[in-house]
Every structure is written in C-alpha cells, then in structure tokens.
Amino acid sequence: DPQEFDIDMSLTRWMVGAAVGAVAVSGLDNGAALTPPLGWSSWNKLACNINAEVLLAQADGMVAGGLVAAGYKTLNIDDCWPLRERSATGEIVPDPAKFPYGMKNFSDELAKRGLGLGIYTAHGNLTCQKFPGSLGYEKQDAAMYDSWNVQFVKNDWCWHNEPSTTVHLNAFNAMRDALGALGRPIVHSIHWNYQDTAAPGCAMGESCQVKDSANAWRIGGDIKAYWSKVEGLISIDTNLSAVAGPGSWNDADMLEVGNGMTVAQDEAHFAMWCMLASPLIAGNDLTNMTDDTKRILTNKYAISVNQDPLGKQATQINANEDGAQSWVKPLSTPKGAVAVVLLNINSAPATATLKFSSFSGADSYTAFDVWAEKSIGTVQGKISSNLDGTSASFYILTPTAN
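Residues numbered from 1 in each chain as written. Predicted model: local features only at pLDDT ≥ 70, side-chain atom pairs only at ≥ 80, totals over all residues. Heavy atoms only, no water.

With that settled, the discussion passes to the state of the cysteines. Summed over the entire model, instances satisfying the criterion amount to 2 disulfides. One disulfide in the model links Cys48 with Cys80; its S-S distance is 1.8 Å. Here Cys48 is found in the loop between helix H2 (43–46) and helix H3 (52–64), whereas its partner Cys80 is found in the loop between strand E2 (74–76) and helix H5 (102–112), with 32 residues between them in sequence. The disulfide partner of Cys128 is Cys158, and the S-S distance across this bridge is 1.7 Å. (Disulfide = S-S within 2.5 Å. Helix = DSSP H or I, 4+ residues; strand = E, 2+ residues; numbered from the N terminus.)

Taken as a whole and judged by the stated rule, the model has 10 aromatic pairs. Aromatic pair Phe270 and Trp371: ring centres 6.4 Å apart, planes at 50 degrees, arrangement tilted. One end of the pair, Phe270, is in helix H9 (residues 263–275); the other, Trp371, is in the loop between strand E13 (364–369) and strand E14 (374–380), and 101 residues separate them in sequence. We note that Phe270, like Trp371, is buried. (Phe/Tyr/Trp six-rings, centres within 6.5 Å; stacked < 30°, edge-to-face > 60°. Buried < 20%, exposed > 50% of the residue type's maximum accessible area, 1.4 Å probe, protein only.)

On to the layout of surface pockets, then. One number sums up the size of the second largest pocket: a volume of about 310 Å³. For the second largest pocket, the lining is made up of 20 residues, of which Trp43, Asn44, Asp222, Lys224 and Met254 are closest to its centre. Among the secondary structure elements, those contributing two or more residues to the lining of the second largest pocket are H2 and strand E4 (150–156). (1 Å grid on protein atoms, 1.4 Å probe; cavity = no way out; pocket = protein on both sides within 12 Å on 5 of 7 lines; lining within 4 Å. Points joined across faces, edges and corners; volume = space filled by probe spheres on them.)

It is the contact of helix H6 (residues 138–147) with helix H7 (residues 165–180), at a shortest axis distance of 9 Å, that shows an interaxial angle of 40 degrees. One element, H6, and the other, H7, form an angle in the oblique class. When you trace H6 past H7, the crossing you get is right-handed. On H7, the residues that touch Glu138, Lys139, Asp141, Ala142 and Tyr145 of H6 are Ala171, Ala174, Met175, Ala178 and Leu179. Here the contact of H6 with H7 is built from residues that sort into 7 nonpolar, no polar and 3 charged. (Axes fitted to C-alpha atoms, helices over the stretch in contact; angles between N-to-C directions. Parallel < 35°, antiparallel > 145°, perpendicular 65-115°, else oblique. Left-handed = near helix turned anticlockwise from the far one by under 90°. Contact = heavy atoms within 4.5 Å. Nonpolar A, V, L, I, M, F, W, Y, C, P; charged D, E, K, R; others polar.)

Reading predicted coordinates in detail is not appropriate for stretches of low pLDDT. Of all residues in the chain, 89% attain a pLDDT of 70 or more, and the chain-wide mean is 91. Confidence over residues 9–21 falls short of pLDDT 50; this stretch has 22 contacts with residues more than four positions distant or in other chains. (pLDDT = per-residue confidence, 0-100.)

This part covers the sheet that holds strand E11 (residues 338–344). Pairing is antiparallel across the open sheet formed by 6 strands, whose spatial order is E9-E10-E11-E16-E13-E14. Looking at the sheet topology across the chains shown, the edges are occupied by strand E9 (315–319) and E14. Within this sheet the neighbouring strands show an average axis-to-axis angle of 25 degrees, counted without direction. The pairing of E13 with E14 spans 6 bridges and is classified as antiparallel. If you follow Thr366 over to E14, its bridge partner there is Thr378. Of the strands in this sheet, strand E10 (324–330), E11 and strand E16 (391–399) are in contact with H9, which crosses E11 at around 140 degrees. (Pairing = 2+ DSSP bridges.)

The next thing to look at is the environment of Tyr365. Considering the arrangement of structural elements, one finds Tyr365 in strand E13. Since its relative accessible area comes to 1%, Tyr365 is described here as buried. Along the backbone, Tyr365 and Ala401 are 36 residues apart, and their C-alpha atoms lie at a distance of 8.2 Å. Among residues more than four places away in sequence, those in contact with Tyr365 are Gly336, Val338, Phe356, Phe359, Gly377, Thr378, Val379, Leu397, Thr398, Pro399 and Thr400. Of the polar contacts made by the side chain of Tyr365, one reaches the backbone nitrogen of Ala362; its length is 2.8 Å. (Polar contact = N/O pair within 3.5 Å; in protein donor to acceptor, adjacent residues only side chain to side chain.)

Quick look at the pairing of strand E1 (residues 38–41) now. Neither face of E1 is open: one carries Leu38 and Trp40, the other Gly39 and Ser41, and all of them are buried. In this sheet, E2 lies alongside E1 in parallel orientation, the contact comprising 3 bridges. Opposite Ser41, over in E2, you have Asn76 as the bridge partner.

Following the sequence through the fold, Ser391 ends up in strand E16. Given a relative accessible area of 8%, Ser391 falls into the buried group. A distance of 2.7 Å separates the side chain of Ser391 from the backbone oxygen of Asp388, its partner in a polar contact. If we ignore the near neighbours within four places in the chain, the residues touching Ser391 are Ala264, Ala268, Leu342, Leu343 and Asn344.

For the bond from Thr333 to Pro334, the omega torsion is -5 degrees, close enough to zero to count as cis. Not every positive phi belongs to a glycine, and Ala33 is a case in point at roughly 55 degrees. The phi torsion at Ala47 lies on the positive side, around 50 degrees, for a residue other than glycine. Positionally, Ala47 belongs in the loop between H2 and H3.

Take the nonpolar core next. Ranked by internal contacts, the top residues of the largest apolar core, which has 85 residues, are Ile77, Trp81, Phe106, Phe270 and Phe394. Broken down by element, this core gets its largest block of residues, 7 residues, from H9. Counting residues in each nonpolar core, the second largest holds 17 residues, with Val328, Ala350, Ala367 and Leu387 among its members. (Core = buried A, V, L, I, M, F, W, Y, C linked by side-chain atoms within 4.5 Å.)

Next up on the list: the packing of H3 against H5. Packed helix pairs are specified by the crossing angle of their axes together with the interaxial distance, meaning the distance between the axes. Closest axis-to-axis distance for the H3/H5 pair is 10 Å, and the angle between their directions is 15 degrees. Here H3 lies roughly parallel to H5, going by the angle between them. Crossing angle aside, the handedness with which H3 passes H5 is right-handed. Of the residues in H5, those touching H3 at Ala52, Leu55, Leu56 and Ala59 are Phe106, Glu109 and Leu110.

This is the structure in structure tokens:
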C-alpha cells in the first residue's frame, strides 16, 4: 500500500530527526530528554520487593518483549534499594542483600541488555519509604551515580518539612546542579508536591511546572490501575501544553498498561500519554505480558508520536458532555501532519468528531490508524469515531497535498 509506505517513511524521518536534528531546548538545557524519556520502573508492580535477580529478570523481559528494540532506554530502580544508613563517610550504600555484586555490576548487566540504569532518591532527608534522601549529599550522591553510569534520576518529594517554596526549590536545584557538573546528559525527573506547597508561578493546589529545575516534573498524584485515575491525570494535563518541549516534559506518571485495566482502557491510556508527550515509563510485570500488552507498549507508530522531535504536547480541541473528546498534536514532518486521538472518557458509548477547521487544519488528510497499523484512506473535512466506553481511536493524519 503506497500510503502505508509513505507513513513508514515519515516515521523514519521523525526518528532520525530525534536523533540528529537541531533541537531548540525549551527548559533545562542539560542535553538530556530532548524527547520524552522511555523506560521501565520497578515501583508500580514490585514496590520494595526488589533485588538484582528480580530486576534483571525484568530487564530480560524488556528485551524478549520487544521494549528495548522499540526504544525503551532505562530500567529505573525506585525506592528501597539502599541501606537505611549512609556509610561513615556519608556515602549512599546499595543494600548488599539486594545487590550482592554491587550497583556498578548491576549497571553493567543492564548495559549488556542494551539498557541504562535509572536510580531513585528524594530531595529531603529521607525517601518516601524512609531510606536516605539526598538533602545535603547531592554532590556526593551524584558522583556515586556517575560511577554506576546512571542515566536517569528520579528525585521524589518526601521528608523535607520546610514550608518555604525556595527551600524546596533549592534542594531540587542542588541535585540538578550536581548532575549537571558531571559533564554528561542525565535525566533529572522530579515530583513537586503541588498539593501542599505552591511552586514558583502557581498557586497552592495547582499543577506546577518547574522547567528550569528538571527535565520532567510530575503533574499530579500517584497513578493507579483504574480508569478514573488515568482520566483524572489527563484532565490535569489538559491546560499544561504550553511549557512542554525538548528537555522539559509534563510527567503524567508511570504507565499502568498491563496492570489490570481493559485492553481498550490500556490503549486509550497509552495513546494519551503519547499525545501528551509524557515520559513513557512502563510499570507492569515484563516477565508475564499478554500479547495485547506487548502490542500496545511497543507500537512503533504510537511511540513515534510521543518521540516526535518537534516536542509539542497535544491540545484538547473539544470536549462534549457525553465524554467525547478530540485531541491534536502537531508533528514535525511531513509539513502539516498531526496526530489525533478521539477519546471517550465516560463508560457509555459516544461518537467523537474532529472538524479539521477547528484547528486550522488542511481540507483533507490521508488517515493512518495507529492501532490497526494501516491506512484507512482519505478523510475530508472531519474524522469521526463511534467509541465504546473508556476507549480511544488513534490516528496519524498527513495532508493529501504532501
């Protein structure tokens, strides 16, 4: 099919552009996260039940399940990995019962599988599970991370009880600066506690963007594997598109694909995280994935939308009372191409329609169905979809003039 071939060529150009194109950084200019980070985190499925053997099995699952080939780059160890106390010289110490050969050896094992190491800390005295935080030890911890060849640092909000916005910001910035001084790109991802403390430029209780302090920042509370939580995070992210771009991303939290929602909900969840240019950090058991979970997490067309080097976050074009919504994300090439999600957030069926005039689009497009992985021909003036409850259709539209 010539139209399918054209779509594949366009995707190839997007991927090449992400790798070699000149990118205007819109936030923290540390050379990291020029497209949204892709990886896997231990927290959603394993919480504190981690050790090197368990995590390397997940890494093997990333390889066998096609995630590494699809572009997922890091295995991120979340909380609970170190000893409860630092060494006498202040060093953070990986728990030898969990990592008997040390963290450098573990990192090397990941590298053999084509993966980088992600690590977890917090900006306070303790992490959320009361392991040592990095407050006051940022340079020392960053140097240790560097010795392990860490590629991604999650810097959580926990156990820093100062009420001052400036104090919290300084703590996050201390780790930002310590990582920056290492001289290589390392993703700095933070969780600003927007519920309790106002961030610079926003009122308490609002979603707060801290683009000069991190490559990605959480926009809401912790995700769970049920639709209302996913939909709530989409709602929070609806008006935050202006600040997103290369080097700075609104983080809607880790993915719950494969963790118990319906297949349609998983597809809608993944589609929206791709459209919102959120980091794609999987959180399922990679050693026991269904075919649908693998299909969703590794769909190259969906991932290319997330990784498009233009770095635009989707905007909501319309939202109806029956739950039908339409979203549009500009793409870098070919000229005028857009990704579209038609979303139904409610449980009852609904019809979602996007009129091309509503976003100053072209008169007609060649439409490519992302989940069906095939062209559906030319659409004129609008595109519509009859949607089951809590589901979405996902398209790439290329102007017919191209």
